[in-house]
Amino acid sequence: MARDTKPPPQDYVETAPLSDEVRELARRGELVRYAKGAVLIQEGSHGDTIFIVLAGRLRAYGSHLANEREITHGTYGPGEYVGEMSLDGGPRSASVAALEPTICSMVTRRTLETHLAEHPGFAFELLAKVIRRARAATLSAKSMALNDVYGRLKMLLEASAEPQPDGTRRLNERLTHLELANRVGCSREMITRQLNDLQQGGYVAIESRGLLQLLKPLPPRW
């Protein structure tokens, strides 16, 4: 777990977009700064620590040793937390790395237990988070099994794009072809080929800021 040696300022907890109960929990943790690319959690390892994101962005992913590919399970920014899936004592189900310089509050299981004793309602938020992520993992597995690469890419783009005043839709997160490939579960070359075809067909365009724009509804099949 690589960390920057310079500790983050304490006011990150107060300025981060956190709910009241999560902010109270973050105050109890250790503030830690992570450099871009630092791995906070290693898949298969054991640990009982959760990480509350105060600034920056994290990526949760799994690795496939046979073909050396990665699949992105999700990205998490300020106000979100990761690591709760291992609170049952089992091995970590995914790795987590910093996509950019990131500041987290690192909270141990013992600290969490103290917080839950004082704020029992937070247990329902924690349970709901686990259920939502388990449901998302189920839907992702179903998508992988039932859809081809284009079908998975279409689902990702349509779920991520936000409507614009001119009637188009736009992804507000700049994603590289490799990041898209990791989320869809295919090679970067396949994503490049699919996007080039969609651009030539007038379905998508790349804005000057590198953001992907959906110009019209994507075709059901390609």
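Model, not experiment: these values are computed from the prediction.

Caption draft 1: Representation of the sheet that holds strand β9 (residues 162–163). Pairing is antiparallel across the open sheet formed by four strands, whose spatial order is β9-β10-β12-β11. Single-partner strands in this sheet number two, and they are β9 and β11 (204–206). One ladder, built from two bridges, connects β9 with strand β10 (residues 169–170); its direction is antiparallel. If you follow E162 over to β10, its bridge partner there is R170. Sheet strands in contact with helix α7 (residues 188–200) are β11 and β12 (212–214), and its direction is about 105° off that of β11.

Caption draft 2: Layout of the pattern of salt bridges. Summed over all chains, the structure comprises 10 salt bridges. One salt bridge connects R28 with E118, and the closest N-O pair in it is separated by 2.3 Å. Taken together, the residues span a long stretch of sequence, with R28 in helix α2 (residues 20–28) and E118 in helix α3 (residues 109–118) at a distance of 90 residues. A residue is classified by how much of its surface remains accessible, and R28, at 28% relative accessible area, is partly exposed. With its nearest N and O atoms 3.5 Å apart, the salt bridge here joins E100 to R57. Of this pair, E100 sits in the loop between β7 (95–98) and β8 (102–107) while R57 sits in the loop between β3 (50–55) and β4 (58–64); the two residues are 43 residues apart in sequence, bridging distant segments of the chain. Among the residues examined, E100 registers a relative accessible area of 31% and is labelled partly exposed. Beyond isolated ion pairs, a larger network of salt bridges with shared partners links R57, E100, E173 and R183.

Caption draft 3: Inspection of the environment of V149 at higher detail. Turning to its location among the elements, V149 is positioned in helix α5 (residues 149–160). Counting along the chain gives 32 residues from V149 to A181, while the straight-line C-alpha distance between them is 9.3 Å. Discounting residues that sit within four places of it in the chain, V149 has contacts with V184, C186, M190 and Q194.

About the cut-offs
- Residues numbered from 1 in each chain as written.
- Predicted model: local features only at pLDDT ≥ 70, side-chain atom pairs only at ≥ 80, totals over all residues.
- Heavy atoms only, no water.
- Pairing = 2+ DSSP bridges.
- Helix = DSSP H or I, 4+ residues; strand = E, 2+ residues; numbered from the N terminus.
- Contact = heavy atoms within 4.5 Å.
- Axes fitted to C-alpha atoms, helices over the stretch in contact; angles between N-to-C directions.
- Salt bridge = Lys/Arg side-chain N within 4 Å of Asp/Glu carboxyl O.
- Buried < 20%, exposed > 50% of the residue type's maximum accessible area, 1.4 Å probe, protein only.

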